[in-house]
Amino acid sequence: MTAFADRKARWRAFYDGAPVMPFVFQIAYNPDPPPRPLPNPSLKRERLEWAWGQYERGLARAEWLADDFIPSLDSYTGTEIFAEAFGCPVHRTNDNMPFALPIITRAEQVDDLLIPDLHAPPLALLFEIADELRHRAGEGALMRLVDIQSPMDIAALIWDKNTFYTALIETPEAVQALAGKVRALITAFLDAWFARYGYDFIAHYPYYYMPGGMTLSEDEVGAVSSVMFDELFLPELVELSERYGGIGIHCCADSRHQWRGFARIPGLRMLNICQPPEVARDAYAFFAPRCGQFHWSVWDGPAWT
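Treat the numbers as computed from the prediction; the structure is a model and nothing was measured.

Caption draft 1: How the structure looks around the overall build of the protein chain. In terms of regular secondary structure, the protein chain is built from 10 helices and 10 strands. Computed over C-alpha atoms, the radius of gyration of the protein chain comes to 19 Å, within 12% of the 19 Å expected from 2.2 N^0.38 for 305 residues, which places it in the range of a compact globule. Taking the principal axes of its C-alpha atoms as reference, the protein chain extends roughly 60 × 45 × 35 Å. Counting all 305 residues of the protein chain, 51% fall into the buried class. In the protein chain, of all internal contacts separated by at least 6 residues, the share reaching a separation of at least 24 is 67%. Carbon and sulfur atoms make up 55% of the accessible area of the protein chain, which amounts to about 14100 Å² in all. Between the centroid of the 26 positive side chains of the protein chain and the centroid of its 40 negative side chains there is a distance of 5 Å.

Caption draft 2: Summary view of the environment of Gly245. With respect to the helices and strands, the residue Gly245 is situated in the loop between helix 8 (226-244) and strand 8 (247-251). For Gly245, a relative accessible area of 53% translates into the label exposed. In this structure the C-alpha to C-alpha distance between Gly245 and Leu268, which are 23 residues apart in sequence, comes to 9.4 Å. If we skip the residues at most four places from it in the chain, Gly245 touches Gly213 and Arg269.

Caption draft 3: Highlighting the pattern of salt bridges. Counting across every chain of the model gives 18 salt bridges. Each of Arg45, Glu49, Glu132 and Arg136 takes part in salt bridges that share partners, so that together they form one network.

Caption draft 4: Looking closely at the nonpolar core. Counting residues in hydrophobic clusters, the biggest one holds 97 residues, and the most contacted among them are Ile158, Trp193 and Phe262. Here this core takes 12 residues from helix 7 (residues 172-197), the largest share from any one element.

Caption draft 5: Representation of the pairing of strand 9 (residues 268-273). Burial runs high along strand 9: 6 of the 6 residues are buried. With 2 bridges connecting them, strand 9 and strand 10 (residues 292-293) associate as parallel partners. When the sheet's bridge partners are listed, Leu271 is paired in strand 10 with Gln293.

Caption draft 6: How the structure looks around the packing of aromatic side chains. By the definition in use, this model includes 24 aromatic pairs. Taking 5.5 Å as the distance between ring centres and 80 degrees as the angle between the ring planes, the aromatic pair formed by Tyr29 and Trp64 counts as edge-to-face. Placement of the pair is Tyr29 in the loop between helix 1 (5-15) and helix 2 (44-62) and Trp64 in the loop between helix 2 and strand 1 (73-74), with a sequence separation of 35 residues. Ring-pair connections join several aromatic residues into one group, and the members of that group are Phe82, Phe127, Phe189, Trp193 and Tyr197.

Caption draft 7: Molecular detail of helix 5 (residues 151-158). By the criterion of burial, helix 5 is predominantly enclosed, with 7 of the 8 residues buried. Buried residues of helix 5: Pro151, Met152, Asp153, Ile154, Ala155, Ala156 and Ile158, and no others. At its buried positions, helix 5 is contacted by helix 3 (81-85), helix 6 (161-170), helix 7, strand 7 (214-217) and helix 8.

Caption draft 8: Structural detail: the sheet that holds strand 9. Strand order across the open sheet formed by 4 strands is 7-8-9-10, with parallel pairing between neighbours. A single partner strand is all that each edge strand has here, and the edge strands are strand 7 and strand 10. Where strand 7 and strand 8 come together, 4 bridges link them in parallel fashion. In the sheet register, Leu216 faces strand 8, and the bridge partner there is Ile249. The strands touched by helix 1 are strand 9 and strand 10; relative to strand 9, the strand with the most contacts, the crossing angle is about 95 degrees.

Caption draft 9: Highlighting the side chain of Arg61. Mapped onto the fold, Arg61 is located in helix 2. At 5.6 Å, Asp67 is the nearest oppositely charged side chain to Arg61, a buried residue that forms no salt bridge. Reaching out from Arg61, the side chain makes a polar contact with the backbone oxygen of Tyr29 at a distance of 3.1 Å. Contact partners of Arg61, with chain neighbours within four places excluded, come to Tyr29, Asn30 and Phe69.

Caption draft 10: Structural detail: a nonpolar patch on the surface. Residues Phe23, Phe25, Ile27, Tyr29 and Trp64 make up a contiguous nonpolar surface patch of about 580 Å² in total accessible area. Relative to the assigned elements, Phe25 resides in the loop between helix 1 and helix 2.

Rules of the game
Residues numbered from 1 in each chain as written. Predicted model: local features only at pLDDT ≥ 70, side-chain atom pairs only at ≥ 80, totals over all residues. Heavy atoms only, no water. Helix = DSSP H or I, 4+ residues; strand = E, 2+ residues; numbered from the N terminus. Rg over C-alpha atoms; globule rule 2.2 N^0.38 Å. Buried < 20%, exposed > 50% of the residue type's maximum accessible area, 1.4 Å probe, protein only. Contact = heavy atoms within 4.5 Å. Areas by Shrake-Rupley, 256 points an atom, 1.4 Å probe, with all protein chains shown as cover. Lys, Arg positive; Asp, Glu negative; His and termini not counted. Charge placed at Lys NZ, Arg CZ, Asp CG, Glu CD. Salt bridge = Lys/Arg side-chain N within 4 Å of Asp/Glu carboxyl O. Core = buried A, V, L, I, M, F, W, Y, C linked by side-chain atoms within 4.5 Å. Pairing = 2+ DSSP bridges. Phe/Tyr/Trp six-rings, centres within 6.5 Å; stacked < 30°, edge-to-face > 60°. Axes fitted to C-alpha atoms, helices over the stretch in contact; angles between N-to-C directions. Polar contact = N/O pair within 3.5 Å; in protein donor to acceptor, adjacent residues only side chain to side chain. Patch = residues over 30% accessible without salt bridge, like charges linked within 9 Å, V, L, I, M, F, W, Y side chains within 5 Å.

Okay, structure coming up:
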């Protein structure tokens, strides 16, 4: 990966706010990719070969396309992996991504939920895939981080949403207890993942280089007030950012009312908001002094304009 040292240096300068590096460029050029197998346990071999093929295509593209893209090894997943580790059944089809089904409906069930270890099948499989990919590519190859939601978002997968939102008001201590168990599993997973594959990586979504820190999706914030965000969501985001030395956040919810909360997260390094163009433009203006940004659907026309 020494060939990508210059690209990594540009990313670091971008995160540091260097005046000479106000932008980085990734050209989304990947013509006619082979269909991606669904992230189902029965398709382990197919997933491995697809990920390896994508890595080789990325390396070949980097030889002639002088952007800031860095190829990575992709142990891709759906959103289900941590909820599944806690015992949630998973709905799988032949034509769409898997998703977890809830197992908690009442606050009193939280105490009985055990924190799984990293040998839980959905997590052990990810390490098996990542180990094989890294063995093929060598120690210098970057890993793409798996799909991680915030602890509160994963709690909202484990707890049936018909009662989860009322529990946020009526029994917030039970919701916090569940999110705390999820956070314990996530940090154990990330500690092992980073120790095994390195502390710099490519984010799960969208693809961007992180020279340390961690990344996650935070979507339930669109359905709660800013007061509830401050009480239940912000503390765990602060804790994760401080633990890993920075954080990148993807949010596809209507979250404008949480922007001031996001801005208070120490070590916020990258923000991706998937919203209509007028919202993304406002986000660029609001967060410009605070962090890097990587939004969608903002301007039309050639990229260089």
